[in-house]
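# Examining the three-dimensional arrangement
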Amino acid sequence: MLTEYPDHRDFIPMHYVVRLARTPWERAGHHALRRAVFCEEQHVFEHDDRDAIDDHALPIIAAYCTAGMPERVVGAVRIHQPEPGIWRGSRLAVHPEHRKLSRIGAELIRMAVCTAHGLGARQFFAQVQEQNVLFFRRLHWRSIGETTLHGLPHHEMEANLVRYPAHGQSQTSFLRPQLQPRAV
Ligand SMILES: CC(C)(COP(=O)(O)OP(=O)(O)OC[C@H]1O[C@@H](n2cnc3c(N)ncnc32)[C@H](O)[C@@H]1OP(=O)(O)O)[C@@H](O)C(=O)NCCC(=O)NCCS
C-alpha cells in the first residue's frame, strides 16, 4: 500500500526573509502584491496603486524561502522621507493566505521603522486603516488623530522609535513561530 503524502497545498513555509527590494524580481513581486491587495481585494485603487512617492520610496518585501532561497513575495511595504528626519510608511500588505500566520506584517513594520531609524528618522508616521489600529497599537504605535483617506476611515499613527532600534541591515530573516500541535 502506498504511503499517503501530504498534498502540496498543505505546505506552510517556515523560513522568511525581509529585505529592501533591489532586484527586478523583488520589485515586480512588491508591486504585484500591492496591486492584488489594494486594487483587486480592497478596491482602494482601480488598476494601479503606484504614485509619485514610488519615485523616491524604498520598497521592502517579505518572501518565504524554500531550501534557503526566496521563493515567493508574500509581503510588501514602502518607506519614504517627506522632510528631513521625518519618515513615513505606506502600502503595507501581506498575501491573504499568509496573514496571521507568521508575523509577516509585524516583521515588515520592524524592518521599515528600524531602517528609517538607521537612516536618521526622528519620527515615523503612517496612515492606518481603522481595522488595523489595534494591530499597530500592539506594535508600539500611538494614534494621533483620525482622518479619511480614499474615502476610508484612517488613523494617523506614530511609531515609538525606542522600540525600533536603528539598524543598517538590508536583510533580516525569521522563522514562523511554532504552531501548537494539532489534537488527534
Ligand atoms: C494588516 C496586515 C498587514 C497584518 O499582517 P499579518 O501578517 O496578518 O499580521 P501579523 O501576523 O504580523 O500579526 C501580528 C499579531 O497581530 C494580530 N493582528 C493581525 N492583524 C490584526 C488586526 N487587523 N487587528 C488586530 N490584531 C491583528 C495577529 O493575530 C498577531 O497576533 P499574535 O501576536 O497574538 O499572534 C494584513 O492583514 C494585510 O495585509 N491586510 C490587508 C492590507 C491592509 O489592510 N494593509 C494595511 C493598511 S493600513
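Below or above, wherever it landed, is the structure these notes cover. Remember, it's a predicted structure, so these values are computed and weren't measured experimentally.

### Quick notes on the nonpolar core
- In this structure, Ile-60, Ile-104, Leu-108, Val-113, Phe-124, Trp-141 and Tyr-164 are the most contacted members of the largest nonpolar core, which totals 33 residues.
- The set of elements that each furnish at least two residues to this core consists of strand S1 (15-20), strand S2 (58-66), strand S3 (69-83), strand S4 (86-94), helix H2 (104-118), strand S5 (123-129), helix H3 (133-138) and strand S7 (152-159).
- If you tally residues by element for this core, the top one is H2, at 9 residues.
- In this structure Val-113 touches Phe-124, Trp-141, Ala-159, Leu-161 and Tyr-164, once residues within four positions along its chain are discounted.

### Section: the pairing of strand S6 (residues 141-149)
- Of the pairings in the sheet, the one linking S6 to S7 comprises 8 bridges and is antiparallel in character. Bridge pairing in S7 places Arg-142 opposite Glu-158.

### Notes on the pattern of salt bridges
- Scanning the entire structure with this criterion turns up 12 salt bridges.
- Its salt-bridge partner being Asp-48, residue Arg-50 comes within 3.0 Å of it at the nearest N-O pair.
- Residue classification places Arg-50 among the partly exposed residues on the basis of a relative accessible area of 45%.
- Each of Arg-34, Asp-49, Asp-51, Asp-54, Arg-78 and Arg-91 takes part in one network of salt bridges that share partners.

### Section: the site of the ligand
- Lining the immediate surroundings of the ligand are 17 residues, of which Leu-92, Val-94, Lys-100, Arg-103 and Ala-106 lie closest.
- Here Gly-105 contributes a backbone N or O atom positioned 2.9 Å from an oxygen atom of the ligand.
- Between the ligand and the protein, one listed contact pairs an oxygen atom with a side-chain N or O atom of Gln-129 at 3.5 Å.
- Notes on the ligand: free accessible area 910 Å², of which the protein chains cover 80%.
- With respect to the detected pockets, the ligand is housed in the largest pocket.
- Among the elements of the structure, S4, H2, S5 and H3 are those that each provide at least two residues to the shell around the ligand.
- Grouping the amino acids of the shell around the ligand by side-chain chemistry returns 8 nonpolar, 5 polar and 4 charged.

### Quick notes on the state of the cysteines
- By the definition in use, this model includes 0 disulfides.
- You can see Cys-114 has no disulfide; the closest cysteine sulfur is in Cys-65, sitting 19 Å from it.
- The buried category is assigned to Cys-114, whose relative accessible area is 4%.

### Observations regarding the sheet that holds S6
- Here 8 strands make up an open sheet; going across it, the order is S6-S7-S5-S4-S3-S2-S1-S8 and the pairing mixed. The open sheet has two edge strands, S6 and strand S8 (171-175), and neither has a second partner. The average angle at which neighbouring strand axes cross in this sheet is 25°, direction not considered.
- By the bridge criterion, 5 bridges tie S1 to S8 in an arrangement that is antiparallel. In the sheet register, Val-17 faces S8, and the bridge partner there is Ser-173.
- Against the sheet, helix H1 (residues 24-41) touches S1, S2, S3, S4 and S5, its axis set at about 80° to S3.
- Of the strands in this sheet, S1, S2, S3, S4, S5, S6, S7 and S8 touch H2, which is tilted by about 40° from S3.

### Digging into the pairing of S5
- With 5 of its 7 residues buried, S5 lies for the most part within the structure.
- With 4 bridges joining them, S4 and S5 adopt parallel strand pairing. Bridge pairing in S5 links Arg-88 to Phe-125.
- Read as a crossover between parallel neighbours, the route from S4 over H2 to S5 is right-handed.

The rules behind the values
Residues numbered from 1 in each chain as written. Predicted model: local features only at pLDDT ≥ 70, side-chain atom pairs only at ≥ 80, totals over all residues. Heavy atoms only, no water. Core = buried A, V, L, I, M, F, W, Y, C linked by side-chain atoms within 4.5 Å. Buried < 20%, exposed > 50% of the residue type's maximum accessible area, 1.4 Å probe, protein only. Helix = DSSP H or I, 4+ residues; strand = E, 2+ residues; numbered from the N terminus. Contact = heavy atoms within 4.5 Å. Pairing = 2+ DSSP bridges. Salt bridge = Lys/Arg side-chain N within 4 Å of Asp/Glu carboxyl O. Near = heavy atom within 4 Å. Polar contact = N/O pair within 3.5 Å; in protein donor to acceptor, adjacent residues only side chain to side chain. Areas by Shrake-Rupley, 256 points an atom, 1.4 Å probe, with all protein chains shown as cover. 1 Å grid on protein atoms, 1.4 Å probe; cavity = no way out; pocket = protein on both sides within 12 Å on 5 of 7 lines; lining within 4 Å. Sits in = over half its atoms within 2 Å of the grid points. Nonpolar A, V, L, I, M, F, W, Y, C, P; charged D, E, K, R; others polar. Disulfide = S-S within 2.5 Å. Axes fitted to C-alpha atoms, helices over the stretch in contact; angles between N-to-C directions. Right-handed = clockwise from strand over helix to strand, strands pointing away.

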